[in-house]
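Architecture and fold: a report
Each chain, letter by letter, is given below.
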Amino acid sequence: MARLALEFHSKSLFRKIEVLLHIPTMNLSEAMQCKSKTPYQDNTKKFPLMILLCGFGESKYAWESHSEIVDYADKNKIALLMIGGENKWYLNSSPIENWYTLIEEEILDFLYGNFSCLNKDEPLYICGESMGGYGALYHYLNNIDKYKACVSLSPATRPDGNLEEILKIKSLKELFLETKDKPKNIYLSVGTNDFIYNQSKDFNDFLTDNNVGVNYQFKNGYDHSWTLWREEIKHIFNYLAKLK
């Protein structure tokens, strides 16, 4: 995998932002055996893209630092985009903090416009843990026809405080009800020792009672940490592989 730290001026945030991009490339053995002088120019292969959202208090480095997701993505030939949410919940929270627009419009335009191996016609996934799990669900439910699947690990079921009321945005429950009749590909899990377990169980009851086609997987003995999220990586890629 090629690892690129990309810094560019964001019109959504009115400043520079840096994201991490991992793109499948030749490994050392393949590079040494390659006879072409221009293998990447000759290659017309396009890769699916997975957007990775980190949790509260974490940075864009969280996924690559705490898990083997890069290795799994390499084996499955999926590109990874890692974004640090700066505790903003991946929402448009002020005139100069348009994180929702950054993800749904700007960053994808930047990637598709600058990297020929990425293309909007390839599958797009969104994945997050904790705060990022909320963000992944919120973005997915607002754009079901755009994403192939959503992975939400130990998600917060609503942003901190009364952000929903302040920003006048719909809750996850409202979004699930609005999209009730649409097919969904959502991998949703939480640990039974998580401090948000009870609210997750209540949310799962809501999903069940309203027959929205999605339910939690409850992971026995795990808490709200990378101990679970790291373990879930292999299950995530098995789940995505079955969607092809």
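Summary of the structure given here. Since we're looking at a predicted model, the values are computed, not measured. Throughout, residues of each chain are indexed from 1 in the direction in which the sequence is written. In keeping with the model being predicted, local features are shown solely for residues with a pLDDT of at least 70 and side-chain atom pairs are shown and tallied solely at 80 or more, while totals for entire chains, interfaces and linings include all residues. With hydrogens and water stripped out, all remaining heavy atoms of the structure feed into the side-chain values.

What to know about the pairing of strand 1 (residues 2-10)
Regular strands place their side chains on alternate faces of the sheet. As paired strands, strand 1 and strand 2 (residues 15-23) are joined by nine bridges and run antiparallel to one another. Across the sheet, the residue bridging to Phe-8 is Ile-17, located in strand 2. Counting the residues in the hairpin turn of strand 1 and strand 2 gives four residues, including Phe-14, whose phi is positive at 60°. A pair of strands counts as paired when DSSP detects no fewer than two bridges linking them. Helix and strand definitions follow DSSP, with helices as H or I runs of at least four residues and strands as E runs of at least two, each counted in order from the N terminus.

Some details on the nonpolar core
We call a set of buried residues a nonpolar core when its members are Ala, Val, Leu, Ile, Met, Phe, Trp, Tyr or Cys and they connect through side-chain atoms within 4.5 Å of each other. Buried residues are those whose accessible area, probed at 1.4 Å on protein chains only, stays under 20% of the maximum for their type, while exposed residues exceed 50% and partly exposed ones sit between those limits. Ranked by internal contacts, the top residues of the largest apolar core, which has 81 residues, are Met-50, Ile-51, Ile-69 and Phe-176. Once you skip the residues sitting within four places of it in the chain, Ile-51 turns out to touch Leu-81, Ile-83, Ile-103, Leu-108, Leu-124, Tyr-125, Ile-126, Cys-127 and Tyr-147. Whether two residues are in contact is decided by their heavy atoms: any pair within 4.5 Å suffices.

Structural notes on the sheet that holds strand 2
An order of 1-2-4-3-7-8-9-10 is seen for the eight strands of this open sheet, with the pairing classed as mixed. Each edge of the open sheet carries a strand with a single partner, namely strand 1 and strand 10 (217-219). Neighbouring strand axes in the sheet, compared pairwise and without regard to direction, differ in orientation by 20° on average. Of the strand pairs in this sheet, strand 7 (residues 124-129) and strand 8 (residues 149-153) are connected by five bridges, and their pairing is parallel. Within strand 8, the position partnered with Ile-126 by the bridge is Cys-150. To obtain an axis, a line is fitted to C-alpha atoms, over the contacting stretch when the element is a helix, and the angle between two such axes runs from 0 to 180 degrees between their N-to-C directions. The strands that helix 4 (residues 69-76) touches are strand 2, strand 3 (49-53) and strand 4 (79-83); relative to strand 4, the one it contacts most, it runs at about 150°. Against the sheet, helix 6 (residues 131-142) touches strand 3, strand 7, strand 8 and strand 9 (186-191), its axis set at about 150° to strand 7.

Let's talk about the packing of aromatic side chains
Any two aromatic rings considered together are summarised by their centre-to-centre distance and by the angle between their planes. The criterion for an aromatic pair is that two Phe, Tyr or Trp rings (for Trp, the six-membered ring) have centres within 6.5 Å, with stacked assigned to planes under 30 degrees apart, edge-to-face to planes over 60 apart and tilted to the rest. According to the stated counting rule, one finds 14 aromatic pairs in the structure shown. Measuring from ring centre to ring centre gives 5.9 Å for Tyr-72 and Phe-237, while their planes differ by 15°; the resulting arrangement is stacked. With Tyr-72 in helix 4 and Phe-237 in helix 10 (residues 226-241), this residue pair connects regions lying 165 residues apart in the sequence. On the accessibility criterion, Phe-237 (4% relative accessible area) is buried. A ring pair is formed by Phe-176 and Phe-203, whose centres lie 6.0 Å apart and whose planes are at 65°; its orientation type is edge-to-face. On the criterion of sequence distance, the pair formed by Phe-176 in helix 8 (residues 172-178) and Phe-203 in helix 9 (residues 197-209) is long-range, its members being 27 residues apart. Of the two residues examined, Phe-176 and Phe-203, each falls in the buried class. Just above the ring of Phe-206 sits the side chain of Lys-173; from NZ or CZ to the centre is 5.2 Å. Only when the NZ atom of a Lys or the CZ atom of an Arg is both within 6 Å of the ring centre and within 35 degrees of the ring normal do we say a charge sits over the ring.

Some words on the packing of helix 5 (residues 99-114) against helix 6
Two elements in contact, helix 5 and helix 6, have axes separated by 12 Å at closest approach and are oriented at 55°. Looking at the two axes, helix 5 sits oblique to helix 6. For helix 5 against helix 6, the interelement crossing comes out right-handed. The residues of helix 6 that touch helix 5, namely those facing Trp-99, Tyr-100, Ile-103 and Glu-104, are Tyr-138, His-139 and Asn-142. Put simply, Ala, Val, Leu, Ile, Met, Phe, Trp, Tyr, Cys and Pro go in the nonpolar bin, Asp, Glu, Lys and Arg in the charged bin, and everything else, Gly too, in the polar bin. For the contact of helix 5 with helix 6, the residue count by class is four nonpolar, two polar and one charged. Small angles under 35 degrees read as roughly parallel and large ones over 145 as roughly antiparallel, with 65 to 115 read as roughly perpendicular and the rest as oblique. Rotating anticlockwise by less than a right angle from the far helix to the near helix defines a left-handed crossing, while the corresponding clockwise rotation defines a right-handed one.

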